[in-house]
Structure formats: C-alpha cells, structure tokens
Amino acid sequence: MNKFLGYVFSPLFYFFFFLTLIIFQPIQWLCYRLGGYKAHKTAVDMLNFFLTYCDVFLGSSVSFINHQNLPENRSIIFIANHQSMYDIPALIWFLRKYHVKFISKIELTKGIPSISFNLKYGGGANIDRKDSKQAVSEIIKLGRRMKEHTWSTMIFPEGTRSKDGRLKPFQVGGIATLLKVVPDALIVPVAIENSWKIVQYGSFPLSFGERLKWTVLDPIEPAGRNAEEVSAAAENAIRTQLKL
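> I would appreciate a short explanation of the packing of helix α5 (residues 173–181) against helix α7 (residues 227–242) in the present structure.
Between α5 and α7, the shortest axis-to-axis distance is 9 Å and the interhelical angle comes to 125 degrees. By the angle class used here, α5 and α7 are oblique. For the element pair α5 and α7, the recorded crossing hand is right-handed. Residues Ile175, Ala176 and Leu179 of α5 lie in contact with α7, whose contacting residues are Ala227, Val230 and Ser231. Grouping the amino acids of the contact of α5 with α7 by side-chain chemistry returns five nonpolar, one polar and no charged.

> Would you mind going over the pattern of salt bridges with me for this structure?
When charged atoms on two side chains of opposite charge get close, those side chains can pair. For the coordinates displayed, the defined rule picks out six salt bridges. Across the salt bridge formed by Lys141 and Glu138, the nearest N and O atoms sit 3.5 Å from each other. With Lys141 and Glu138 both in helix α4 (residues 132–149), this residue pair falls three residues apart, about one helical turn. Residue Glu138 is classed as buried on the basis of its relative accessible area of 18%. The closest approach of N and O atoms between Asp164 and Arg166, which form a salt bridge, is 3.7 Å. Take Asp164: its relative accessible area is 39%, and that puts it in the partly exposed class.

What counts, and at which threshold
- Residues numbered from 1 in each chain as written.
- Predicted model: local features only at pLDDT ≥ 70, side-chain atom pairs only at ≥ 80, totals over all residues.
- Heavy atoms only, no water.
- Axes fitted to C-alpha atoms, helices over the stretch in contact; angles between N-to-C directions.
- Helix = DSSP H or I, 4+ residues; strand = E, 2+ residues; numbered from the N terminus.
- Parallel < 35°, antiparallel > 145°, perpendicular 65-115°, else oblique.
- Left-handed = near helix turned anticlockwise from the far one by under 90°.
- Contact = heavy atoms within 4.5 Å.
- Nonpolar A, V, L, I, M, F, W, Y, C, P; charged D, E, K, R; others polar.
- Salt bridge = Lys/Arg side-chain N within 4 Å of Asp/Glu carboxyl O.
- Buried < 20%, exposed > 50% of the residue type's maximum accessible area, 1.4 Å probe, protein only.

So this is what it looks like as structure tokens:
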C-alpha cells in the first residue's frame, strides 16, 4: 500500500519540494546581498522548515526529539547516521539556533536551486572527494569558522547513505580533523530513523506514510578522549538508539 500510494502522492510531493527550492533561490540571494550572514541564515532556516514539512504530502510524520540542554555559546560537532537526502532539512530547521554547517561534495555547489547557493555562501565545507589535500584544507577552514563564530557542524561519518537503515562503520577522519582545530567542541550524536524508507523503491515512487524520527542523544565530552574513542562512543550511542 505504501508503494501504491507513493505513485499517487510522489508527484505532489516533488511539485511542492522543488517549488520551495525555486522560490527560495531569489529570496536567499536578496537576503545575502542586502542583509549578510544573519539575513541569509534566516532565509535558509525558513527554506528548510518548508522542505521538512513537504513530507506531509507523502503522508509522513515528522518527529524531532531533543531533550538535551545543549549550550549555545559553545561549538558542537553533531554526529549522525545518514539514510537519505531527506535527513538534512529537519536537522537544519530543528537545530537552527546552533548554526549547524555541513561538509558537502563540491559537486553540489552547482545546479541545484537554493541548495547550491546555500552551500556556496552558508559557511560549510565543500570538499573534492578525489583531492584529499583540498578536503582536509576545507574542513580545517570550517573548524576555524566554528571557533571564530561559535558555529556547529554536522558530520555523517558513515561516508555514504545507508539504503536499508543499517549502520555502516564510522570513519574518523572528519571528526579527527575538526577536533584538532576545535578540541573543546561538544560531541552530540543524533539518531535518524526511517528516512531510508522514503526512497526504498528509488526516486519514484517515494514511499507513503513513513514515520520519520530524529533523536538528539546524550552529549559526549571530548576531554581525555582521542578522535577514535569519541567516534566509537557516538556510533555506539546511535546503534543503541536504533537497536542495531
């Protein structure tokens, strides 16, 4: 039934999803040119609010659980599992007060309305996966911006999306690089559930009626731990939450 209804409602979802991207392209441009970072960020937050709730056109529920009292005056490295592109809008919207930046493929900085503009000008790191020197350099620059502005970063250490919800082993490279620049950043795992189910049949049809859930887990203090230990602790916390 989820697949059958997906044939019916996927076109409606895609229409509103891409309409939102097109509408917010000039809004972002104006906000960035006229109001700088603060105005641009407000536009990006609102963009991701609408992208998040486009899920209602697929009959999906959105549940974001954050019972943690996270500091706003300290940089945070959020570490999450990654299941689909639909993971990201809710992370940006619900964690907006932490100024969360992303490490993205440089290819995404061209050709995608709204998303490419934000990746270029939003303050994240755009890396060339074929050029490890460039990738490390961009992550270091991101770490410096974190320190300067008390921003946060979201890392998906699996390295690729999980197509079946199973957790892939975490790679420690990005976490280690950021911790060298921002050693006092708080580590916060985030467990994402059921996002993979939306695209379990591919890009069409999308699955109808899934229960999407994001859970912010207990923070991990990095003091006295190396990057491998921090990564393992975050991975174990997410595995426990997902019962994997």
